[in-house]
Amino acid sequence: MVQLEKFEKYLIEEFYDDYRSGDMSHKTFTRRVAFIMGSMTAAAAAMTLVGCTPDEVPRSTDPMPTPSPTSSAASPGSATTAVPNAKSPLSVPEGAAGLVTATVTFTSGGTEISGYVARPEGSQKGPAVLICHENRGLTPHIQDVARRFAKEGYAALALDLLSREGGTANMDPDAVPGALTQAGAQRHVNDFKAAFVFLNDQDFFDEGRIAMVGFCFGGGITWQASTEIPALKATSSFYGPAPDLAKVPTIKPAVFGVYAENDARITGAMPQLQQALGGTTVKHGGERYVEAQATAAWNDTLAWFKDNV
C-alpha cells in the first residue's frame, strides 16, 4: 500500500478535487500525480487512494510523462478546462509608481537562489516580508503579491524555490508540484533561513522586522518555517498542511492562519492545531477565489503584521 508524505497527500488531493470538479483534465491530473510520485505504478496507487476508479488510473506499463521544455506561460502539458481568471482589485502592476522591483540572488547550501524583490522607493525604512509561493512556483501572480506588500510599505522578497531546477519559468507547469515535493520541505525551509539572513544584510528595511506569508503548498512551508526560524516576528499561512504538532511549542513568531471554513479536506487538521497552539504561549489568530473573502483575508494579514512585526 502506498504511503503518501504530508505534502504529497495535500497536493494530490487538491488536484483530485480540481479533476472531479472539471477544472483539470484527466491527462493533466495524471501527469501531475506521476511527477509527484516518480513512477506510473506509484501514481496509480496514489490515485486509487484518493478515490479514482480503476478506469481512471494509469497502467504500470504506461510510460512516464516527459516534462515539456517550454516556459510556464505556454506548456502544452498544462491544459485544463477553461476557467475565467479572477482579477483581484488589490493587484499592483509591474512598473507601478513609487515601487522598486528587481531580481536578486543569494546563496543557500552552496547554491545560488533567485528571488523577486519589491519595495517602496526612497530611503525610508520599514518592515520586510518573505513570500512562499504556491505549488505553481514563482509566477507573475506571486510577484504581484510582492508588489501589493511593497505598496503597503514592506520590502517583499518572493523566492523561486525551483532555482536549483533552472527556475519556475523554464519548467513544465505539470512538473512543478512534483519537483517541489521531491525536493522536500526541509530544503525549502533552509532556503528561507538563508533568505532571512540575506534580508538582514540589506539596508532598505528595519533590521529584524521580518514576517513570512505563504499560500497553499507555501502555507505549509510557512507553518514549518514558523517552527524553525524563531527570529521571524509574525507569519500568515493561507491554508496548507499544518506543522507537526510536536513542534508547535517551538514556534516563536505570532502565527495567523487563513482557511476555507467549508473545505473539510483542508480544515480537517485545524482543531488539533488550534488545541496544540492553545496549550502554548504562542500568539495566534484565527475556497476558491471569492473577492470579498480574499480581500478580508488580505486586510486581516496586514493588520496581523502591523500588530506583530
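Rules of the game
- Residues numbered from 1 in each chain as written.
- Predicted model: local features only at pLDDT ≥ 70, side-chain atom pairs only at ≥ 80, totals over all residues.
- Heavy atoms only, no water.
- Salt bridge = Lys/Arg side-chain N within 4 Å of Asp/Glu carboxyl O.
- Helix = DSSP H or I, 4+ residues; strand = E, 2+ residues; numbered from the N terminus.
- Buried < 20%, exposed > 50% of the residue type's maximum accessible area, 1.4 Å probe, protein only.
- Phe/Tyr/Trp six-rings, centres within 6.5 Å; stacked < 30°, edge-to-face > 60°.
- Lys NZ or Arg CZ within 6 Å of the ring centre and 35° of its normal.
- Disulfide = S-S within 2.5 Å.
- Expected span 1.5 Å × (residues − 1).
- Contact = heavy atoms within 4.5 Å.

I tried to follow the pattern of salt bridges on my own but got confused; where do I start?
When their charged atoms lie close together, side chains carrying opposite charge are able to pair. Applying the stated criterion across every chain yields a total of 14 salt bridges. Among the ionic pairs, Glu13 bridges to Lys9, the shortest N-O distance being 2.8 Å. One end of the pair is Glu13 and the other is Lys9, both in helix α1 (residues 6-20) and 4 residues apart, which spans about a single turn. Exposure remark for Glu13: the relative accessible area of 19% places this residue in the buried category. Judged by relative accessible area, Lys9 falls into the partly exposed class, the value being 40%. One salt bridge in this structure joins Asp144 and Arg148, with 3.1 Å as the shortest N-O distance. Linking Asp144 with Arg148, this pair stays in helix α4 (residues 140-151), spanning 4 residues, or about one helical turn. Note on Asp144: relative accessible area 6%, which makes it buried.

Is there a simple way to think about the packing of aromatic side chains in this case?
What characterises a pair of aromatic rings is the spacing of the ring centres plus the angle enclosed by the ring planes. Summed over the entire model, instances satisfying the criterion amount to 10 aromatic pairs. Centroid distance Tyr19 to Phe29: 5.1 Å. Interplanar angle 15°. Geometry classified as stacked. Note that Tyr19 is positioned in helix α1 and Phe29 in helix α2 (residues 26-37), a separation of 10 residues in sequence. Here Tyr19 matches Phe29 in class, with each residue buried. Aromatic rings pair up to connect Phe149, Tyr154, Trp298 and Phe305 into one cluster. Just above the ring of Phe15 sits the side chain of Arg32; from NZ or CZ to the centre is 5.2 Å. The lysine or arginine in question, Lys283, covers the ring of Trp304, its NZ or CZ lying 5.7 Å from the ring centre.

Sorry if this is basic, but what is going on with the state of the cysteines here?
Simply put, the disulfide is a covalent bond whose two ends are the sulfur atoms of two cysteines. This model, assessed by the stated rule, comprises 0 disulfides. Here Cys132 is not cross-linked by a disulfide; its sulfur's nearest cysteine counterpart is in Cys216, at 10 Å. A residue is classified by how much of its surface remains accessible, and Cys132, at 0% relative accessible area, is buried.

Just to check I follow, could you spell out α2 for this structure?
Since the α-helix advances by 3.6 residues per turn, residues separated by three or four positions end up pointing in the same direction. Here α2 spans 16 Å end to end across 12 residues, near enough to the 16 Å set by a 1.5 Å rise per residue. Counting buried positions along α2 gives 10 out of 12 residues, so the element sits mostly inside the fold. Looking only at α2, the buried set comprises Thr28, Phe29, Thr30, Arg31, Arg32, Val33, Ala34, Phe35, Ile36 and Met37. On its buried face, α2 sits against α1, α3 (40-49) and α5 (176-183). Downstream of α2 by one or two residues, Gly38 has phi in the positive range, about 90°.

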